[in-house]
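Survey of secondary and tertiary structure
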Amino acid sequence: AQSVTQPDIHITVSEGASLELRCNYSYGATPYLFWYVQSPGQGLQLLLKYFSGDTLVQGIKGFEAEFKRSQSSFNLRKPSVHWSDAAEYFCAVGERFQKLVFGTGTRLLVSP
Amino acid sequence: EAGVTQFPSHSVIEKGQTVTLRCDPISGHDNLYWYRRVMGKEIKFLLHFVKESKQDESGMPNNRFLAERTGGTYSTLKVQPAELEDSGVYFCASSHAQGETYEQYFGPGTRLTVT
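Residues numbered from 1 in each chain as written. Chains lettered and ligands numbered in written order. Predicted model: local features only at pLDDT ≥ 70, side-chain atom pairs only at ≥ 80, totals over all residues. Heavy atoms only, no water.

Next up on the list: the overall build of chain B. A count of helical and extended segments in chain B gives zero helices and eleven strands. Along its sequence from the N terminus, chain B presents helices and strands in the succession β-β-β-β-β-β-β-β-β-β-β. At 13 Å, chain B has a C-alpha radius of gyration in line with the 13 Å of a compact globule built from 115 residues. Considering only C-alpha atoms, chain B reaches an extent of 45 × 25 × 25 Å along its principal axes. Counting only residues that meet the buried cut, chain B has 47% of its 115 residues in that class. (Helix = DSSP H or I, 4+ residues; strand = E, 2+ residues; numbered from the N terminus. Rg over C-alpha atoms; globule rule 2.2 N^0.38 Å. Buried < 20%, exposed > 50% of the residue type's maximum accessible area, 1.4 Å probe, protein only.)

Residue and element names in this part refer to chain B. The two faces of strand S3 (residues 19-24) differ: Val-19, Leu-21 and Cys-23 on one face are buried, but Thr-20, Arg-22 and Asp-24 on the other face are not. Where strand S1 (residues 5-7) lies against S3, three bridges are found, and the strand directions are antiparallel. If you follow Phe-7 over to S3, its bridge partner there is Arg-22. The sheet contact formed by S3 and strand S8 (residues 75-79) spans five bridges and is antiparallel. The residue bridging Val-19 from the neighbouring strand is Val-79, located in S8. (Pairing = 2+ DSSP bridges.)

With that settled, the discussion passes to the sheet that holds S8 of chain B. All names here are of chain B. Taken together, four strands build an open sheet; the order of strands is S1-S3-S8-S7 and the sheet is antiparallel. Only two strands of the sheet have a single neighbouring strand rather than two, namely S1 and strand S7 (65-68). Direction aside, neighbouring strands of the sheet carry axes that sit 15 degrees apart on average. (Axes fitted to C-alpha atoms, helices over the stretch in contact; angles between N-to-C directions.)

Another point: unusual backbone geometry. All names here are of chain B. Residue Phe-7 is joined to Pro-8 through a cis peptide bond whose omega torsion reads -5 degrees. Mapped onto the elements, Pro-8 comes out in the loop between S1 and strand S2 (10-13). The residue after Gln-80, namely Pro-81, is reached through a cis peptide bond having omega -10 degrees. Locating Pro-81 in the fold gives a position in the loop between S8 and strand S9 (88-95). Positive phi values are uncommon outside glycine, yet Lys-51 reaches one of about 55 degrees. The topology assignment puts Lys-51 in the loop between strand S5 (43-50) and strand S6 (53-56).

Before going further, it helps to spend a moment on the interface of chain A and chain B. Taken residue by residue, the interface counts 21 residues in chain A and 25 residues in chain B. Surface buried jointly by chain A and chain B totals about 1900 Å² across both partners, of which 57% is contributed by carbon and sulfur atoms. Note that Arg-37 of chain B is salt-bridged to Glu-88 of chain A, the shortest N-O span being 2.9 Å. Where the side of chain A that touches chain B is concerned, the elements lending two or more residues are strand S5 (32-38), strand S6 (44-50), strand S10 (87-94) and strand S11 (100-102) of chain A. Across the side of chain A that touches chain B, the residue classes tally to eleven nonpolar, six polar and four charged. (Contact = heavy atoms within 4.5 Å. Buried area = accessible area lost by both parts, 1.4 Å probe. Salt bridge = Lys/Arg side-chain N within 4 Å of Asp/Glu carboxyl O. Nonpolar A, V, L, I, M, F, W, Y, C, P; charged D, E, K, R; others polar.)

The next subject is the state of the cysteines. One pass over the structure, following the stated rule, counts two disulfides over all chains. Between Cys-23 of chain A and Cys-91 of chain A runs a disulfide, and the two sulfur atoms are separated by 1.9 Å. Taking the torsion about the sulfur-sulfur bond, which here is approximately -65 degrees, the covalent link between Cys-23 of chain A and Cys-91 of chain A counts as left-handed. Of this pair, Cys-23 of chain A sits in the loop between strand S3 (19-21) and strand S4 (24-26) while Cys-91 of chain A is found in strand S10, placing the two residues 68 residues apart along the sequence. The exposure class of Cys-23 of chain A is buried, given its relative accessible area of 0%. The residue that forms a disulfide with Cys-23 of chain B is Cys-92 of chain B, at a sulfur-sulfur distance of 1.8 Å. (Disulfide = S-S within 2.5 Å.)

Dropping the structure here:
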């Protein structure tokens, strides 16, 4: 069965510090991978996506993610966090034009 | 280009009542998806329309939930009668059904509270 694990429910980082959010997936085929962000009062916004090609993917807002097939991981990173990055982040997996399976989300808190 | 819109943004109803949620997808998107997030849990898939046809309704929890997409444009999700466990945030998403662009665009969600 398809599943996504985001082991960290909450993460707190200082503004300006680097960030890494973990995502592991279980999927039978080569999946399409996504990271979404939900800011308070907002819908889910797509940060980046991956299916094939370069395993380091650049997204919006300065985020990047690296696909590691051997570890079934798709971790999200940002070199320097801004206070406006405080939000909930979701990793998702699926197939082209099909439903997505989401992780439980990681809530990011940014301290001054 | 307008994004995915959902109405209402928030609904509070009593157990046993009926509620209808509406989703307007991005114009030109043939795929429309419904998801739900119950408090503290992951976002879960409910069903998938391609135009007006139900492609996948494997996530619908029971027959109290009825989704329609008349004319292949907007979609409604009716819950009748509502139960306490139906509380949560209902998200709608849309995408193209073919081509190079496949990502799903999400609406802001409808927060349903059943008391």
